[in-house]
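Architecture and fold: a report
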Amino acid sequence: MRVTRRTLLAAAPLLGCADASAQATTVHIAPDGTGDGSSWTAAAPLRAIEDLVLAMQPGGEILIAADRGEYDLGEGLDIAAGGQPGRAVRIRGVNSRTGEPAQALLRGVRGGSEVGAEGFRLWRGARHLHFSHLDFRAVGNGCFRICAPLSDLTIEDCGFEDIYRFLENGASGGQDHASLRNFAVRRCRGRRVERAFSRIRYASRGGLFEDCAAEGMANEGGDIPVGCAVEGRAGNITYRRCVMENFQQLRAGDYWNGDGFSCEPDNHGIVYEDCVGRGSTDGGFDCKSRGVVLRGCVAED
């Protein structure tokens, strides 16, 4: 069930942020922020991000200080607004002193055998968004989880460690699907991934994964790990120069699953270019879809 945007606990400070940053083009966030986000000295807290995006002008940006300490994701953050075609809202980590890009560390509550909470949950309205330079730790089923049909999402230059999935699209809050259209994921790399780097499904279309890499953690039986999974009726997705390794299912009975890349019979237009799948217990590439294309790919133990 979707978390209500303004709870009684958070209503007062977040409404203040939304009012003060109305029509904003640049907003600032810091770990110890208590302000309206209008400057680094008046930085807003990360928990205010939904209201800050809602108040942001199309084409504006939200800067997250990467040099002031780590951020607590708690039970995850909800976003239900975005930009306009050709005027995406950018959410990115920076060095607050120099303005140069830098990865801001966002820590979740994943631990033990728990899947853990998501990072950013994107709902209807969260279109035309561009995320970059974020580093996720201990995050559950999606550093980014697509909860409803969305389009025009870009994720670039992010890191991750000890996560369940990096990108997930799973319908929630009464939605019957969460198809993702016209999206790109570039230069995102990390390790200790339990289930998958990405899962794309429903009727998702028009996706590009480029220069991404993920290293899995051995799964003792249980769920099937796959580096990059395509399911449902998703199609027209290209993977370019991506490396998925060590997605393993151990001691799972007569057949051990675990693939670097996979697609299913109802998928179409899936292209793998110069990709590497290695160290999996089943296949580097487990391709079942129609017309799948592999160019310059390598599968190895």
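Structure report, in brief. Counting from 1, residues in each chain are numbered in the order their sequence is written. Local features in this predicted model are restricted to residues of pLDDT 70 or higher, and side-chain atom pairs are both shown and tallied only at a pLDDT of 80 or more, whereas totals for entire chains, interfaces and linings draw on every residue. Heavy atoms throughout the structure, all of them, feed into the side-chain values; hydrogens and water do not.

Think of a salt bridge as a Lys or Arg side-chain nitrogen and an Asp or Glu carboxyl oxygen that are within 4 Å of each other. Using the criterion set out here, one finds 28 salt bridges in the structure. Between glutamate 194 and arginine 110 there is a salt bridge, and its shortest N-O distance comes to 2.3 Å. With glutamate 194 in strand β13 (residues 189-200) and arginine 110 in the loop between β6 (104-107) and β7 (120-122), this residue pair connects regions lying 84 residues apart in the sequence. Its salt-bridge partner being glutamate 161, residue arginine 191 comes within 2.6 Å of it at the nearest N-O pair. Of this pair, arginine 191 sits in strand β13 while glutamate 161 sits in strand β11 (residues 159-169), and the two are 30 residues apart along the sequence. Connected through salt bridges with shared partners, the residues Glu156, Asp157, Arg186, Arg187, Glu210, Asp211, Arg240, Arg241, Glu273 and Arg295 form a single ionic network. Runs of H or I in DSSP of at least four residues are treated as helices and runs of E of at least two as strands, each being numbered from the N terminus.

Spatially, ten strands are ordered β1-β2-β5-β8-β10-β12-β14-β18-β22-β25 in an open sheet, and the strand pairing comes out parallel. Edge strands, defined here as strands with exactly one partner in the open sheet, are β1 (24-29) and β25 (293-295). Here the strands of the sheet are splayed against their neighbours by 10° on average, with no regard to which way each runs. In the sheet, strand β18 (residues 235-240) pairs with strand β22 (residues 268-273) via five bridges, with the strands oriented parallel. Considered in β22, the bridge of tyrosine 239 is made with tyrosine 272. DSSP-based pairing: two strands are paired if at least 2 bridges between them are found. Axes here mean lines fitted to C-alpha atoms, for a helix over just the part in contact, with angles spanning 0 to 180 degrees between N-to-C directions.

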